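Working through the structure, step by step
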Number of protein chains: 4
Amino acid sequence: MRTGTWLIGARGSVAVTSMIGALAIRAGLTAPTGCVLETPALRERVRPGIGDLVFGGHDVTSVPLEKKAAELAGSGVVPAALALAVKDDLAAVEQQVRPLPAAATQAETARAIAADLDRFRRDHGLDRVVVINVSTTEPVPPPHPAHASLQALRTALSGPQPGSLSGSLSGSQPGPQTGPRTGPPPGVEPVLPPSSLAAYAALSAGCPYVDFTPSTGARLPALDELAREQGLPYAGHDGKTGETLVKSVLAPMFAQRNLKVRTWSGINLLGGGDGANLARPGANAAKSASKQRVLPETLGYLPQGETRIDYLEDLGDFKTAWDLVTFEGFLGTGMRMEFTWHGCDSALAAPLVLDLARLTAAAHRAGRSGPLPELAFFFKDPLGEVPHGLAGQWQTLCDLVTDLATALGQEPTP
Amino acid sequence: MRTGTWLIGARGSVAVTSMIGALAIRAGLTAPTGCVLETPALRERVRPGIGDLVFGGHDVTSVPLEKKAAELAGSGVVPAALALAVKDDLAAVEQQVRPLPAAATQAETARAIAADLDRFRRDHGLDRVVVINVSTTEPVPPPHPAHASLQALRTALSGPQPGSLSGSLSGSQPGPQTGPRTGPPPGVEPVLPPSSLAAYAALSAGCPYVDFTPSTGARLPALDELAREQGLPYAGHDGKTGETLVKSVLAPMFAQRNLKVRTWSGINLLGGGDGANLARPGANAAKSASKQRVLPETLGYLPQGETRIDYLEDLGDFKTAWDLVTFEGFLGTGMRMEFTWHGCDSALAAPLVLDLARLTAAAHRAGRSGPLPELAFFFKDPLGEVPHGLAGQWQTLCDLVTDLATALGQEPTP
Amino acid sequence: MRTGTWLIGARGSVAVTSMIGALAIRAGLTAPTGCVLETPALRERVRPGIGDLVFGGHDVTSVPLEKKAAELAGSGVVPAALALAVKDDLAAVEQQVRPLPAAATQAETARAIAADLDRFRRDHGLDRVVVINVSTTEPVPPPHPAHASLQALRTALSGPQPGSLSGSLSGSQPGPQTGPRTGPPPGVEPVLPPSSLAAYAALSAGCPYVDFTPSTGARLPALDELAREQGLPYAGHDGKTGETLVKSVLAPMFAQRNLKVRTWSGINLLGGGDGANLARPGANAAKSASKQRVLPETLGYLPQGETRIDYLEDLGDFKTAWDLVTFEGFLGTGMRMEFTWHGCDSALAAPLVLDLARLTAAAHRAGRSGPLPELAFFFKDPLGEVPHGLAGQWQTLCDLVTDLATALGQEPTP
Amino acid sequence: MRTGTWLIGARGSVAVTSMIGALAIRAGLTAPTGCVLETPALRERVRPGIGDLVFGGHDVTSVPLEKKAAELAGSGVVPAALALAVKDDLAAVEQQVRPLPAAATQAETARAIAADLDRFRRDHGLDRVVVINVSTTEPVPPPHPAHASLQALRTALSGPQPGSLSGSLSGSQPGPQTGPRTGPPPGVEPVLPPSSLAAYAALSAGCPYVDFTPSTGARLPALDELAREQGLPYAGHDGKTGETLVKSVLAPMFAQRNLKVRTWSGINLLGGGDGANLARPGANAAKSASKQRVLPETLGYLPQGETRIDYLEDLGDFKTAWDLVTFEGFLGTGMRMEFTWHGCDSALAAPLVLDLARLTAAAHRAGRSGPLPELAFFFKDPLGEVPHGLAGQWQTLCDLVTDLATALGQEPTP
Ligand SMILES: NC(=O)c1ccc[n+]([C@@H]2O[C@H](COP(=O)([O-])OP(=O)(O)OC[C@H]3O[C@@H](n4cnc5c(N)ncnc54)[C@H](O)[C@@H]3O)[C@@H](O)[C@H]2O)c1
Ligand SMILES: NC(=O)c1ccc[n+]([C@@H]2O[C@H](COP(=O)([O-])OP(=O)(O)OC[C@H]3O[C@@H](n4cnc5c(N)ncnc54)[C@H](O)[C@@H]3O)[C@@H](O)[C@H]2O)c1
Ligand SMILES: NC(=O)c1ccc[n+]([C@@H]2O[C@H](COP(=O)([O-])OP(=O)(O)OC[C@H]3O[C@@H](n4cnc5c(N)ncnc54)[C@H](O)[C@@H]3O)[C@@H](O)[C@H]2O)c1
Ligand SMILES: NC(=O)c1ccc[n+]([C@@H]2O[C@H](COP(=O)([O-])OP(=O)(O)OC[C@H]3O[C@@H](n4cnc5c(N)ncnc54)[C@H](O)[C@@H]3O)[C@@H](O)[C@H]2O)c1
Ligand code: NA
Ligand code: NA
C-alpha cells in the first residue's frame, strides 16, 4: 500500500507543509486537522492512509527543504518544534527531490521526467505514484492545434520545433522562480505549458495526475486521450481553500432562499511566493477566472462585481479576503452581507494535497480512468458536469468514498 | 383551493409585510423574491399558490393594518408605492383581524379563538385554515404537570384555576404590547402560555398550526396528542432569517473540511418591535437558546462563545449581526473569519410565512399529521431528528415537495 | 450679504443635493446636519449664512433639476417629502442653470462663461459669486508650456490653436456625459482642461474658485498668477467625504502611538454617475492618486498597499469602502485593523459645498487672495504646506474662522 | 538618572512584556516600536530614557518571571528569541519582585509596602521610584467616609477595624489570583481597595503613582491631599490601547463633520488573564464604564448602544473588538461604519508603561505634584478637565514634554 506522492513544485510552501504534516502525523506528533478524509464521516475508509505516503518531486529551485521548513516556521505556518521533530525524515525526502529536467525538445524533457518517476517507484517499491502539481501558477497558454489529439501532440513534441518545460513560464517576463532555459528562442511558445508537459510525462509513466493549480495540466483533449489509453485517472483544478470555499456555501444559501444577489465583489490580499506570482497579470487572470465560476454555476446568473487579487509582501503567508454581497429580498428590499477571511493558505492547502493523493491512488487502484469529477469538493474550477455548491460536492465525495471502498473490498487501514 | 392564513400577531411587522407582499404578488405588482417555493427548483409544484391565500388573524393591539403599512413604508421595509397600491385589498383583510379573545378560563378563551377560526373558514368558503404564530416572543413558561397529557390538559384548562391568554406574557413585567387582563391573579401562572393556548385552540378547530417564533406553541406532549387525534400537522420553531441562516451553511463547511472551530461569538443589534421585546431578559433567553443550537448539531461539539442580542431603537427594522469564528487548521495554525449581516428581518421573514402556509396546507391535504420535521429548512430550532446544515434541510424540503406532489396528484397550479 | 454659488456640474448629484438642502434649511424644514460651519464650535461665526446663498451654474447635460431631484429621492439620498417641499424654489434655481458655453477658441469660451457669471451677479444684485466645480472628474491633462505663466496662457488661449472646454474630457473615450464639440480636431489636446478653463473664466470675472474634484482647476502657475492679480482666493482639491476622511484620523493615531503601519489597502465600491465616470481609467487614476496622499504625509512613510475603486451600478448612490491596515507593535508583534464605511457620497459632499461657498466668500470679503490652505479640512488633496491629519486641519480651520471674524468685524449673522 | 519602575502586578502579562521590552531595547536587540516618547516628534526629549529604568514590583502570585516570559513567547506576544536573549537580565529583575505584604491592619500593610520601596531605592541607588499599577482590575469599592480626608483616612487605616490588601478583591467571589488573607472577616470591606492602599503606600514613601488599570488607585480626596502634601505627582486611569483608542479619533471626526451619531455599539472578545478577570461582573462593569466615557465627552451627547466584554479563553492574548457606528448625515440620510480591531493587548500596553514611567519621573523631577492631566493621551478615563479627543491629548502631551524639557534644562539623553 506504499504510495508515491510526487510533487511538481516540491520546494514550495504547499509542498513542504504537506510533507512536514504527513511526517508529523505519521509520527503521532499532531492531529490530522484539515484532512477531509479524517473527518468522522470518512475516517478509516480510504487506503492508502496518510502514513502510507512517500514523498518526492521536481522543482526548478534548489533551496533545501530544511531551509523552506525554517521559513515556514518563522512565519507561523508550521510550529517550530514540529519542524525540528521531523528534521531527519525531511532530510530523507530531500534525497527524492530532483531538479526539473530540461532537454532540447519537449519530448525528451518528458522522457526525462518519466524516468525520474520510474526510478522513484522502483527505488521505494511503491505500488503506484500520484503526481500532483503544486508549482507556480502559469498564465493561460495560447491555443495550439496539437492540443486536440494525442497523435498530433506526439508529433509536435518530437518534431523539430524546440520546446522547454519552463519556456512558457519564463518566456516573456521573468518570474520569481525561473527554470532552466534550453527551450525555444524568445518569442516562440513551446507546444505545452509546463503543467501539461508534466501531466504528459506522468501519464506516459503510468502515474495518475492531479492539478492543484489553475494551470492547464491534463485539461487538453490530447491528454484526456492519453489518460484513457493508459487507464489512468486525473483531477483538478485549483485547490479551493479560502474565499471561493466560503462562496460555495453562501451562494447556494442565497439561491435556495430565492434572494437575488445584485453584486458580489471581493478582494484578496496576500503575500508569500504564490502572491508574488499572482501579482503578474497572466497568472492573476488565470486565478481570478477560476475564482468566479462558482457564482453563475450556483446562482444561475452572474451578479455584478469582480474578484481582485493584490500582492502585499508584508502579509507573509497569511491571506485576507474581503467580500461584499448586496442582495434583494421580499418586495425589493436591499440588504447586504460582508465577510472577512483571514487564513493561512499553505495550512489550508496542504491537508487537501494529502487527501487528493490518497483518493486518486484509491481510484487508480479501483480501475478508474479519465477525469475524476467526484473530487469537485477540493477544487475551485472542477472538471466535468458537477455540483458547484459545497454541499452537493460533499455528497458526491462521500458517495465516491463508498464506491471505492466497495470496489476495493473494504479492507481495514493497516 | 382557497386557503386561510390566520396570523396570531396579525398587526405586527412580519404579519403585515406578509399580507402586503401576498396581495402585491397576486396583483402582479412585484416578483416573489424571497419565497422559497418560487425558486426555479420548486416553482409551480405546491398548491395552494400565493394567490390562493386568504388572510385573517388575532392581535392584542388595535393599530390599523393601514397605519402599520405606512410605518413599514416609512422605514423602508415596504415600498411606499406598493403599500398604496394594495390599500383596498388590505382594508378587506382588516375586516378579518379580530381582537384576541380573553375569557374567565383558558378553556373558554380557547373556545372563543376556535369560534373565530370557524367563522373565518365558513365566511370565506375556505378549504382549510392554517394558523401561524408571528406574535411577540414569550419567555419560556414554567413547567406544568398538565402539559404531559391531553386529558390532564383538558381538565386543567377547564378547572377552577383561572387562566388568560396573555397572562404569562404580561404577568411580571409589562411588555410593549399587552393583551386583555382577565386571567389569573398576579403571580399565578396560567396553565398554557399564549402560544400554546393558540395551538390548542387551532388544533381543536381542525386547523394545522405553525410557530414562527421561539415560543412553546404546539411543542408539548399534550398538544402533540391533540394534533394526532385530530389528524393535523404542526411545525416550528423560530423562523431562520439571518445570522443563524448563515451559521447553518458555514458550520457544515468547517465540519466537512475538518477545521476545528475554537470560538464562535456573535452579536445581533436590532430595533423594531421584535427588538424591543427581545431586550426583555426572558424573551432574549428564549431566542438566544434557539440561535445557538445549530453549532453543536453540525460541528459535533460546542465551540466557546455566545450569541448576544442588543436592542437599539434607532436601528429601526434593520438588523446588523456580526460573528467572529476562530478556527484551527493543519498543524494547529490559527485562522479566523468574521461576517456582518445587515438585513431587514420582516422582509426576510414574510416570504417564509407564505411558504409555510402553503406547505402546511398541502401537507394537511395530503393527510399528514403530527410534526413536520421536513420543514427544518425554515427554522432555527426545528422539530424532530433532522439535519441542521442548510443543505441537508434543503434536500429534505425538496423531497417533501416531491412527495406531496405525488400524493396530491400533481395538478398544475391554476 | 447675498452670495452667488455658481456650480460647474449644476445638474449632478452633489450639486442638486446641495441646492435642495440649502433651500430646505432656509425654509426651516430640516437641520443643517453635516454642515461644518453649523457645529457648536463654529455656529453663527461665518457670514454669509446658508440662507444667503443664491444658486446658479453650468452643465453639459440638460436633464431638469426636478428630474434629478426625483432620482435622488428615489434612491434614498433626499427624503421625497423634502424634494416636494422645495419644488418651487428649485424651479427658480432651474432658471439660473445654463448650458456650458462652447466657442471656437478657449479664449472665447472663457469669455462666454465669464459673461454668464456677470449676468448672474447683476441680475440678482449679489455681493459676490463663488464658483465651485462639482462636475465630472477629468483625467490628468498632458503638461502644456502655457500653463507656466499667465502671459503665455493668454496667448495660447487666443492664438490660432483651436480649443474646446470639453475636448480633453471627450477626446479619446466618450464619457457618460459629453459636452459640445467645437474644439480641436481629434487627437489635439486643448490648452486647458475644462476645470482649468472654468477657473480661468471665474477668476477673470472676479469670482473666487473652489475645486471639489480632483481635476486640475486653478492648480497651475498661470492661474495662481491670475488669482493674485485679481485679488481672488481659490481652494481645492477633491472633497474628503469617506475612506480618506477616516484615514486622516487613523493614520495620525498610528503615528502618534509609534505603531508601524506595514500595509494599508482599500477598495471602494460605488455606483452613481461619479462611479460610472471613475470606472474610466484616466479619472480613476486621478482619484486614486488623490486618495493615497494622506498616508505618507501623516505617517512619514508609505506603507505597502493600494486603494482601488470599482464601479458597481447596482450600488446606486451609496458607497462601501473597506480598508485593511496591518501594523507592528512592541517587539514586532503583528496586529490588524479593518473598517467598512457605508456612506451616501452626495449626502456627505453637499453640506461641505455649502461650507466652502460661505468660507470662500468670507475670505474674499476679508481681502484674501491666492490659495486658501486653511481649507485643507475639506479636501483629500489640499493646496499648500498644510497638516494632513484631520485634527490639525480642524485647528487650522477654527483659526481661519476666528481670523475672518476679526477681520470682518464680528457682525452677527442676520 | 537611574529610575525605579515598581510594578504592582509585576508577574502579569503587561508587566513582564514591559520588562522584556525595556531590557531588549537597552541591549539594542529591538526597536522601541509602540513607545510614544520614541516617535520622531518626541524622541530624545524626555529623561530618563528607556535604558535608565530599573524594574521591581509586587505580586500576589509567585509564578517566576521566566515562566511567564515563556508563556508570552508561546502565545506570540514576545518573540521566543528575544525572551531567550534577555534571560539573564530578567533573572536579575526576578530578585526585585516581592510578594505583596499583608499585615493585620491596612496601616501596617502600607508600611510594609513602603519599606519594600525604600529598600529598592536604596539598594540600587535610584534617583526616584515610580510605582505603576498593572495588577488585576478591581470591582468598584463601596464608598467609605474615610476616603474624604487624609486625616480621616489615617485614623481609619490604623484603627481597630481590620483591613487586608486583598480583601476587597477576594471577598465575595474568588478570582483568578487571590492574595494573602489576613484581613477582615468575610463580608467586612477594608477601608481601601488594594490599588488605593498601594497608592497610599507609594505616596507615603515619596514615590509618584500611576494607575494603568480602571481601579480606584489615587483617585480619592484623601490620597490627592497626601500627594500634594508630599509634593508628588500621580496619573491614571486605564491604559488606552484598543477600541477606546480608535473611538478617541473617530468620535471627534464625526463631531467636527457635524454628523449625528445615532448608535455606537461594541463588543470586545478577549482571552488572557485580564480577560478571565474581566469576565467577573464587578471588574467588567468597572472596565465598561471606563470605555464609554469618550463618546459623550467628544460628541457632546451619548448615542444609543453599549460596549460589551466577553471572555473567550481560546483567544489567548489577542483581542478582537468590533464596533458598529450608525450615523445621520445631510437631510437625515442614514449611514454606517464598522471596524474590527485585532490587537495584542500586552504588546499595546507595555510600551506605554515605559512612557509613563519616564514622563512621571520627569514630572516629579520638575517639581510637579498632584494629578497629571497632561497624560490623558495614555488613558481611557483620564484625570481632570482634559480633551478627550486623541488629537487634543496629543497636543497637550507635546506641550508637557516641552515644558518639562525647559524646566529640566534640556540636557541631552546620555
Ligand atoms: N495555498 C493555497 O491555498 C492554494 C490554493 C489553490 C492553489 N494553489 C496553488 O498552488 C501552487 C503552489 O502554491 P505555493 O504557495 O506553494 O507557491 P510557492 O511559490 O511557495 O511554490 C511554488 C513552487 O513551484 C516551483 N516551480 C515553479 N515553476 C516550476 C516548474 N515549472 N516546475 C516545477 N516547479 C516549479 C517554485 O520554484 C516553487 O518552489 C500555486 O500555483 C498556487 O496558486 C495554492
Ligand atoms: N422577523 C424575523 O426575521 C423573525 C425571525 C424569527 C422569528 N421571528 C418572530 O416573529 C415574531 C413577530 O416579529 P415582528 O417583528 O412581527 O414583531 P412585532 O412586535 O412587530 O409584532 C408582534 C405582534 O404580536 C402581537 N401580539 C403580542 N402578544 C400577542 C398575543 N398574545 N396574541 C396575539 N398577538 C399578540 C403584537 O401586538 C404585535 O402586533 C416575533 O416573535 C419574532 O421573534 C421573527
Ligand atoms: N460625492 C462625493 O463624496 C465627492 C467627493 C469628492 C469629490 N467628488 C467629485 O464631485 C464631482 C461630482 O460628483 P457627482 O456625484 O455629483 O457626479 P455626477 O456625475 O452626478 O455629476 C457631475 C455633473 O457634471 C456635469 N458635467 C460633466 N462635464 C462637465 C463640464 N465639462 N462642465 C460642466 N458640467 C459638466 C455632468 O453632466 C453631471 O451633471 C465628481 O468629480 C466627484 O469625483 C464627489
Ligand atoms: N493590556 C492592556 O491593553 C490593558 C489596557 C488597559 C488596562 N489594562 C489593565 O492592566 C492590568 C494588567 O493586565 P494584564 O493583562 O497584565 O493582566 P494579568 O492578569 O496578566 O496580570 C495581573 C497581575 O496582577 C497580579 N495581582 C492581582 N492582584 C494583585 C494585587 N492585589 N497586588 C499585586 N498584584 C496583583 C496577578 O497575580 C497578575 O500577575 C489589568 O487590570 C488590565 O485591565 C491592560
Ligand atoms: Na469586518
Ligand atoms: Na466588516
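Residue numbers restart at each chain and count upward from 1, following the sequence in its written direction. Ligands are numbered from 1 and chains lettered from A, in the order in which they are written. Residues qualify for local features only when their pLDDT is at least 70, as the model is predicted, and side-chain atom pairs are given and counted only at 80 or more; totals for whole chains, interfaces and linings, by contrast, use all residues. Each side-chain value is worked out from all heavy atoms of the structure, with water and hydrogens disregarded.

The criterion, for reference: UniProt positions are given in the numbering used here, feature names are shortened, and annotations may be inferred rather than shown by experiment.
In the annotation of an unreviewed UniProt entry, chain A is listed under the name Myo-inositol-1-phosphate synthase and assigned to Nonomuraea thailandensis. One UniProt comment on chain A, placed under Sequence similarities (unreviewed entry), says "Belongs to the myo-inositol 1-phosphate synthase family."

1. Quick look at helix 6 (residues 150-158) of chain D
Residues and elements named next belong to chain D. Our working rule: Classification of residues uses two cut-offs on accessible area relative to the type maximum, computed with a 1.4 Å probe and protein chains only: under 20% is buried, over 50% is exposed, and between them is partly exposed. Working definition: helices are DSSP H or I runs of at least four residues, strands are E runs of at least two. Numbering for both runs from the N terminus. To obtain the arc, one takes the directions from the helix axis to the C-beta atoms. Residue contacts follow a heavy-atom distance rule, with two residues in contact if any of their heavy atoms lie within 4.5 Å.
Looking at helix 6, one finds that the buried residues are Leu-150, Leu-153, Ala-156 and Leu-157. Along the long axis of helix 6, the arc covered by the buried residues comes to 125°, so they all point the same way. Across helix 6 from its buried face, at more than 90 degrees, point the exposed residues Gln-151 and Thr-155. Buried-residue contacts for helix 6 involve helix 5 (106-124), helix 8 (194-204) and helix 9 (221-230).

2. Quick notes on the coordination of the sodium ion (ligand 6)
For the record, the criterion: Each metal site lists N, O and S donors within 2.8 Å (3.2 Å for Na, K and Ca). With water left out of the atoms, a site can look as if it is missing ligands.
Coordination of the sodium ion (ligand 6) by the protein comes from A:Glu338 (OE) and D:Glu338 (OE), over a distance range of 2.7 to 2.8 Å. The metal-metal distance between the sodium ion (ligand 6) and the sodium ion (ligand 5) is 2.0 Å. Of this pair, A:Glu338 sits in strand 10 (residues 334-344) while D:Glu338 sits in strand 10 (residues 334-344), placing the two residues on different chains. The same class applies to A:Glu338 and to D:Glu338, which are both buried.

3. So, the pairing of strand 10 of chain A
The line we're drawing: In this analysis, strands are considered paired if DSSP registers two or more bridges between them.
For strand 10 of chain A, the tally of buried residues reaches 10 of 11 residues, placing the bulk of the element in the interior. Once strand 9 (residues 318-328) of chain A ends, the chain turns through 5 residues before running back antiparallel as strand 10 of chain A, passing A:Leu331 with a positive phi of about 60°. Sheet topology note: the strand 10 of chain A/strand 10 (residues 334-344) of chain B ladder contains 7 bridges and is antiparallel. Residue pairing across strands places A:Phe339 opposite B:Phe339, the latter belonging to strand 10 of chain B.

4. Digging into the environment of A:Leu324
Tracing the backbone through its elements, the reader meets A:Leu324 in strand 9. Judged by relative accessible area, which is 1%, A:Leu324 ranks as buried. In this structure the C-alpha to C-alpha distance between A:Leu324 and A:Gly266, which are 58 residues apart in sequence, comes to 6.4 Å. When residues no more than four places from it in sequence are discounted, the contact partners of A:Leu324 are A:Thr263, A:Trp264, A:Ser265, A:Arg336, A:Met337, A:Glu338, C:Leu269 and C:Thr320.

5. Focus on the relation of the copies chain A and chain B
Spelled out, the test is: Only residues with pLDDT of at least 70 in both copies count here: their C-alpha atoms drive the least-squares fit that superposes the copies.
Note on the copies: chain A fits chain B at an RMSD of 0.0 Å, the axial shift is 0.0 Å, and the rotation between them is 180°. Taken together, the rotation angle and the small translation identify this as a two-fold axis. Identified as the residue of chain A closest to the rotation axis by C-alpha distance is A:Phe339, at 2.0 Å. The share of interface residues of chain A whose copies in chain B are also at the interface is 100%, consistent with both copies meeting through the same surface.

6. Quick look at the sheet that holds strand 8 (residues 307-311) of chain A
So the rule is basically this: The axes used here are C-alpha line fits, helices contributing only the stretch in contact, and every angle between their N-to-C directions lies in the interval 0 to 180 degrees.
In spatial order, the strands read 8(A)-7(A)-9(A)-10(A)-10(B)-9(B)-7(B)-8(B); together these 8 strands make up an open sheet with mixed pairing. Bordering the open sheet on either side are strand 8 of chain A together with strand 8 (307-311) of chain B, each of which pairs with just one other strand. With strand direction ignored, the average angle separating the axes of adjacent strands in the sheet is 10°. Relative to strand 10 of chain A, strand 9 of chain A is paired through 11 bridges, and the arrangement is antiparallel. Pairing of A:Leu324 across the sheet is with A:Glu338, part of strand 10 of chain A. Sheet strands in contact with helix 12 (residues 281-292) of chain A are strand 7 (260-270), strand 8 and strand 9 of chain A, and its direction is about 140° off that of strand 8 of chain A.

7. Section: the site of ligand 2
All names here are of chain B. Which entries qualify depends on this criterion: Only heavy atoms are used to decide nearness, and a residue is near a molecule or strand if one of them lies within 4 Å of it. What qualifies as a polar contact is a pair of N or O atoms within 3.5 Å, subject to a donor-acceptor requirement within protein and to the restriction that residues adjacent in sequence count only when both atoms come from side chains. Shrake-Rupley sampling with a 1.4 Å probe provides the accessible areas, and residues are treated as covered by the protein chains on show and by no other component. Either an automatic procedure or a domain database provided the assignment from which the domain bounds are taken.
Close contacts around ligand 2 come from 29 residues, with Val-14, Asp-59, Ser-135, Thr-137 and Thr-241 the closest. The backbone of Val-14 places a nitrogen or oxygen atom 2.8 Å from an oxygen atom of ligand 2. In the model, an oxygen atom of ligand 2 is placed 2.8 Å from a nitrogen or oxygen of the Thr-241 side chain. For ligand 2, whose unbound accessible area comes to 850 Å², protein coverage reaches 97%. Going through the elements one at a time, helix 1 (13-26), helix 11 (272-278) and helix 14 (345-365) are the ones with two or more residues in the shell around ligand 2. Take the shell around ligand 2: its biggest share by element is 3 residues, from helix 14. Domain assignment of the residues forming the shell around ligand 2 places at least three in each of domain 1 (3-239 + 347-407) and domain 2 (243-344).

8. A closer look at the packing of helix 2 (residues 65-74) of chain C against helix 4 (residues 87-94) of chain C
Angle between the axes and distance between the axes: these two values describe a pair of packed helices. Residue and element names in this part refer to chain C. Basically, it comes down to this: The scheme is simple: roughly parallel for angles under 35 degrees, roughly antiparallel for over 145, roughly perpendicular for 65 to 115, oblique for anything else. When residues are grouped by polarity, Ala, Val, Leu, Ile, Met, Phe, Trp, Tyr, Cys and Pro land in nonpolar, Asp, Glu, Lys and Arg in charged, and all others, Gly among them, in polar.
Helix 4 packs onto helix 2 with a crossing angle of 135° between their chain directions and a minimal axis gap of 9 Å. If you check the angle between helix 2 and helix 4, you find them oblique. Across the interface between the two elements, Leu-65, Glu-66 and Ala-69 from helix 2 touch Lys-87, Leu-90, Val-93 and Glu-94 from helix 4. Split by residue class, the contact of helix 2 with helix 4 holds 4 nonpolar, no polar and 3 charged.

9. Re the domain arrangement of chain A
Residue and element names in this part refer to chain A. Filter applied, for reference: Here a salt bridge means any side-chain nitrogen of Lys or Arg lying within 4 Å of a carboxyl oxygen belonging to Asp or Glu.
Split by domain assignment, chain A resolves into domain 1 (3-239 + 347-408) and domain 2 (243-343). Taking the mean C-alpha position of each, domain 1 and domain 2 sit 26 Å from one another. Taken together, the contact pairs 24 residues of domain 1 with 24 residues of domain 2. Seen at the junction of domain 1 and domain 2, the total is 1 salt bridge. Across the salt bridge formed by Asp-381 and Arg-293, the nearest N and O atoms sit 2.6 Å from each other. At the junction of domain 1 and domain 2, the tally comes to 5 residue pairs in polar contact (both at pLDDT 80 or more). Tallied by class, the residues present in the side of domain 1 that touches domain 2 amount to 10 nonpolar, 10 polar and 4 charged.

10. As for the side chain of D:Thr244
Residue and element names in this part refer to chain D. Positionally, Thr-244 belongs in helix 10 (residues 243-256). Overall, the relative accessible area of 1% leaves Thr-244 in the buried class. Ignoring sequence-local partners within four residues, the contact set of Thr-244 consists of Lys-291, Val-294 and Lys-380.

11. Overview of the pairing of strand 1 (residues 3-8) of chain D
All names here are of chain D. Test applied: Assignment of crossover handedness uses the view with strands pointing away from the viewer, where a clockwise path from the first strand over the helix to the second indicates a right-handed crossover.
The element strand 1 is extensively covered by neighbouring structure, given that 6 of its 6 residues are classed as buried. Residues Thr-3, Thr-5 and Leu-7 line one face of strand 1 and the alternating positions Gly-4, Trp-6 and Ile-8 line the opposite face, and both faces are buried. Where strand 1 meets strand 2 (residues 53-59), 6 bridges bridge the pair, whose relative direction is parallel. Bridge pairing in strand 2 links Ile-8 to His-58. Read from strand 1 through helix 1 (residues 13-26) to strand 2, the crossover connection turns out right-handed. The sheet contact formed by strand 1 and strand 4 (residues 128-133) spans 6 bridges and is parallel. Along strand 4, the bridge assignment pairs Trp-6 with Val-131.

12. Remarks on the pattern of salt bridges
A full pass over the atoms with the stated rule returns 76 salt bridges over all chains. Where D:Asp310 meets B:Arg308, a salt bridge forms, and the shortest distance between an N and an O atom there is 2.8 Å. One end of the pair, D:Asp310, is in strand 8 (residues 307-311); the other, B:Arg308, is in strand 8, on a second chain. Here D:Glu374 and D:Arg368 are joined by a salt bridge, their closest N and O atoms 2.8 Å apart. Bridged by salt links that share partners, the residues A:Arg219, A:Arg293, A:Glu297 and A:Asp381 form one connected network.

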